[in-house]
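Structural overview
Here are the chains, one letter per residue:
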Amino acid sequence: MKRFACGLLVASMSFIAVSAQAPAPSSIEAAMVKAVDTETPAGVALLERLVNINSGTMNLPGVVAVKDVIEPELARIGFKTRWEPMNSIGRAGDLVAVHACPAGEGKCGKRVLLIGHFDTVFEPSSSFQRYSIVPGTEGKVATGPGVNDMKGGLVVMLMALDAMKTSGALKNAEIRIVLSGDEEKHGSPVSISRKDMIDEAKQSDIALEFESGGFVDGKDVQSISRRSAGTWKLETTGRSGHSSQVFGEKLGDGAIYEMVRILDAFRKELREPGLTYNVGMVVGGSTAKIGETGGEATGKSNVVPPVAIALGDMRTLDNDQTARVEAKMRKIVGDHLPRTGAVISFEEGYPAMPPTEASRSLVRQLNEVNTMLGLPREAEMDPMLRGAGDIAFVSPYVPGLVGTGAMGEGAHAEGETVFLDSIPRQAKRMALLMYRLSKD
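Residues numbered from 1 in each chain as written. Predicted model: local features only at pLDDT ≥ 70, side-chain atom pairs only at ≥ 80, totals over all residues. Heavy atoms only, no water.

1. Some points on the pairing of strand β16 (residues 307-315)
What counts is decided by this rule: Strands pair, by our definition, only if DSSP identifies at least two bridges between them. Counting from the N terminus, the helices are DSSP H or I runs at least four residues long and the strands are E runs at least two residues long.
Here strand β10 (residues 229-238) pairs with β16 via eight bridges, running antiparallel. Each bridged residue has a counterpart across the sheet, and for Trp232 the counterpart in β16 is Gly312. Two elements, strand β12 (residues 276-285) and β16, share nine bridges in a ladder whose sense is antiparallel. In the strand pairing of β16, Asn278 is matched with Asp313.

2. Here's the deal with the pattern of salt bridges
Our working definition: Salt bridge, as used here, is a side-chain nitrogen of Lys or Arg placed within 4 Å of a carboxyl oxygen of Asp or Glu. Throughout this description, buried means an accessible area under 20% of the type-specific maximum (1.4 Å probe, protein chains only), exposed means over 50%, and partly exposed covers the range between.
Summed over all chains, the structure comprises 35 salt bridges. Among the salt bridges present, the one from Asp205 reaches Arg111, with a minimum N-O distance of 3.2 Å. Placement of the pair is Asp205 in the loop between α5 (195-201) and β7 (206-209) and Arg111 in the loop between β2 (91-99) and β3 (112-117), with a sequence separation of 94 residues. Asp205 sits in the partly exposed class, given a relative accessible area of 27%. You can call Arg111 buried: its relative accessible area is 17%. Here Arg330 ties to Glu326 by a salt bridge, and the two come within 4.0 Å at their closest N and O atoms. Here Glu326 and Arg330 lie together in helix α7 (residues 319-333), a separation of four residues that amounts to about one turn. Taking the relative accessible area as the measure of exposure, Arg330 reaches 45% and is therefore partly exposed.

3. Let's talk about the side chain of Asp149
Under the convention used in this document: His is not counted here, nor are the chain ends, while Lys and Arg score as positive and Asp and Glu score as negative. Here, residues are in contact when the closest pair of their heavy atoms is within 4.5 Å.
Here Asp149 shows up in the loop between β5 (141-143) and α3 (151-167). Summary of buried charges: Asp149 has no salt-bridge partner, and the nearest side chain of opposite charge, Arg226, is 7.0 Å away. Excluding anything up to four places from it in sequence, Asp149 contacts His117, Asp119, Thr120, Glu184, Glu211, Ser212, Ala411, His412 and Glu416.

4. Details of unusual backbone geometry
Look at the link from Asp149 to Met150: it is a cis peptide, with omega at -10°. Mapped onto the fold, Met150 is located in the loop between β5 and α3. Between Ser188 and the following residue, Pro189, the backbone shows a cis peptide bond with an omega angle of 5°. Unusually for a residue other than glycine, Glu138 sits at a positive phi of about 55°. Locating Glu138 in the fold gives a position in the loop between β4 (132-133) and β5. Of note, His412 is a non-glycine position whose phi angle comes to about 75°, a positive value. Here His412 is to be found in the loop between β20 (408-409) and β21 (417-419). Classification of His412 by relative accessible area gives partly exposed; the value is 44%.

5. A closer look at the environment of Lys250
Mapped onto the fold, Lys250 is located in the loop between β11 (241-242) and α6 (255-269). The spatial distance from the C-alpha of Lys250 to the C-alpha of Leu113 is 62 Å, given a sequence separation of 137 residues. Not counting the four nearest positions on each side in its chain, Lys250 is found in contact with Arg239 and Arg339.

6. Points about the sheet that holds strand β18 (residues 379-380)
Each strand in a sheet pairs with its neighbour through backbone hydrogen bonds, running either in the same direction (parallel) or in the opposite one (antiparallel). Read from one edge to the other, the open sheet built from three strands follows the order β8-β9-β18, with strand pairing classed as mixed. Among the strands making up the open sheet, the edge pair consists of β8 (214-216) and β18.

7. What to know about the confidence of the model for the protein
Selection rule: Values of pLDDT, the confidence the predictor places in each residue, fall between 0 and 100.
Per-residue pLDDT for the protein averages 93, and the proportion of residues at 70 or more is 95%. pLDDT under 50 marks residues 1-20. Its contacts with residues more than four places away, or in other chains, come to 52 contacts.

8. Overview of the packing of aromatic side chains
Two aromatic rings, taken as a pair, are described by how far apart their centres are and by the angle between their planes. Stated precisely, the cut-off is as follows: Within 6.5 Å between ring centres, the rings of Phe, Tyr and Trp (the latter by its six-membered ring) count as paired, and their orientation is classed by plane angle as stacked under 30 degrees, edge-to-face over 60, tilted in between. We count a charge as sitting over a ring when the NZ of a lysine or the CZ of an arginine lies within 6 Å of the ring centre and within 35 degrees of the ring normal.
For the coordinates displayed, the defined rule picks out five aromatic pairs. Aromatic side chains Phe122 and Phe128 sit 5.2 Å apart centroid to centroid with 70° between the ring planes, which places their arrangement in the edge-to-face category. We classify Phe122 as buried; its relative accessible area is 5%. A relative accessible area of 10% means that Phe128 is categorised as buried. A ring pair is formed by Tyr350 and Phe393, whose centres lie 5.4 Å apart and whose planes are at 55°; its orientation type is tilted. In this pair, Tyr350 is assigned in strand β17 (residues 340-350) and Phe393 in helix α9 (residues 391-394), connecting sequence segments 43 residues apart. The lysine or arginine in question, Lys67, covers the ring of Trp83, its NZ or CZ lying 4.9 Å from the ring centre.

9. Observations concerning empty space enclosed by the protein
So the rule is basically this: Throughout, the protein atoms alone are placed on a 1 Å grid, and a set of points is a cavity if a 1.4 Å probe fits but cannot get out or a pocket if it is open with protein on both sides within 12 Å along at least five of seven lines; lining residues have an atom within 4 Å of a point. Grid points are joined across faces, edges and corners, and a volume is the space filled by probe spheres set on the points.
Following the criterion strictly, the structure yields one cavity of 30 Å³ or more and no others. Each pocket or cavity is described by its volume, and for the largest cavity that value is around 30 Å³. The wall of the largest cavity is formed by Lys110, Val112, Met164, Ala173, Glu174, Ile175, Met434 and Ser438.

10. Quick notes on the sheet that holds β3
The following threshold applies: As a rule, the C-alpha atoms of each element are fitted with a line to give its axis, helices using only the stretch in contact, and angles between N-to-C directions run from 0 to 180 degrees.
A sheet is described by the order of its strands in space; here six strands give the open sequence β1-β2-β6-β3-β7-β19, paired in mixed fashion. Each edge of the open sheet is held by one strand with a lone partner, namely β1 (80-86) and β19 (400-401). Relative to β7, β3 runs parallel, the two sharing four bridges. The residue of β7 that forms the bridge with Ile115 is Glu209. Relative to β7, helix α10 (residues 422-438) is tilted by about 175°, and along the sheet it contacts β3, β6 (175-180), β7 and β19.

11. Things to note about the side chain of Lys151
For clarity, the threshold we go by: Between N or O atoms, a polar contact is any pair within 3.5 Å; within protein, one atom must be a potential hydrogen donor and the other a potential acceptor, and residues adjacent in sequence are included only when both atoms are from side chains.
Following the sequence through the fold, Lys151 ends up in helix α3. It turns out Lys151 is buried and unbridged, and the closest side chain with the opposite charge, Asp119, is 9.0 Å from it. Here the side chain of Lys151 touches Ile53 through a polar contact of 2.8 Å, landing on its backbone oxygen.

In structure tokens, the structure reads:
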């Protein structure tokens, strides 16, 4: 990233003095820490450049424009890159990059897969488009679309790899990278949109996901699990006629009462640890239609409605919970009020990534890095505090760490921020961890 001149002054995080109890860094590790500090101003300037390129998921040229900034950086560091377009499913595509082990595949310690994405939730229609420093933060906090989710993570990843290259640590590391253009709204079918990621996972031992890092009560934390995210659509039907005959033998209860019965049963009967389910939108009446972001209905107060539609989502801790809850929902839906009908369907979403002992072992290794850096140990983050993400697609094949990128607040909302001092901190952690994994 040396080619990018720093457009503003940012205080980089200096290497924290090592306590008497902490092991001293090796010469290579010390060189990586120094390289991250040196590269921090250029990294922040790169972040500003990336944020100012709109790359909403459906803005395919914008996603490609971000790729066109990142790809030459990876090539410069020493990765062989290729772009896999996905116009056939209405998405931009994936950037795949590989740094091969010079001694042969599998002979450079653990084979590491790095995961990230170019897109944001902010399409060109959003009023939130530009990077800026948040006033009153002494230059320590920046705001902008995707500034921490996850363009800040892209910068963390590049800085860590650059530090490994500068110190010589990258030379004997085997690393694969898959950066998708549609993490915020993945294309269907998944067999196409996540094929590259899954293929590379099958040739890897560990995955590091560079989405937003976690912090709770002012302390850095590390995630090893993500909940699933899926959507459901409920459609109810009934007999229509004059409201004076509602609940009668001929008309029954109508589509909206059937809808209310089902949704209230969901509210009361489905609850269990780790599960959330939301009703995002409901329309109903004499006619009704619905889309992803809106709907419309017609009707009158004195007409029994023949149709109602609801959209919602569901998030679970593991895929067994998903299957169990979906079965409960179908059973509730099938117990109809008089003269009504109902059908529920579930859309393909993100699977869950359950915690594993192998992933917890990675946290222990990361905390050894933290000790060496003089940083506090990181506790395991509650998966209820995170959303879904791409690493869940590869979790059946490799253990991994969730959210190793930049830290901030307000992701997916206008005013999203990044803590700029988290960028060098996370880059140091990841550079040292990847180096140690390459020696494992």
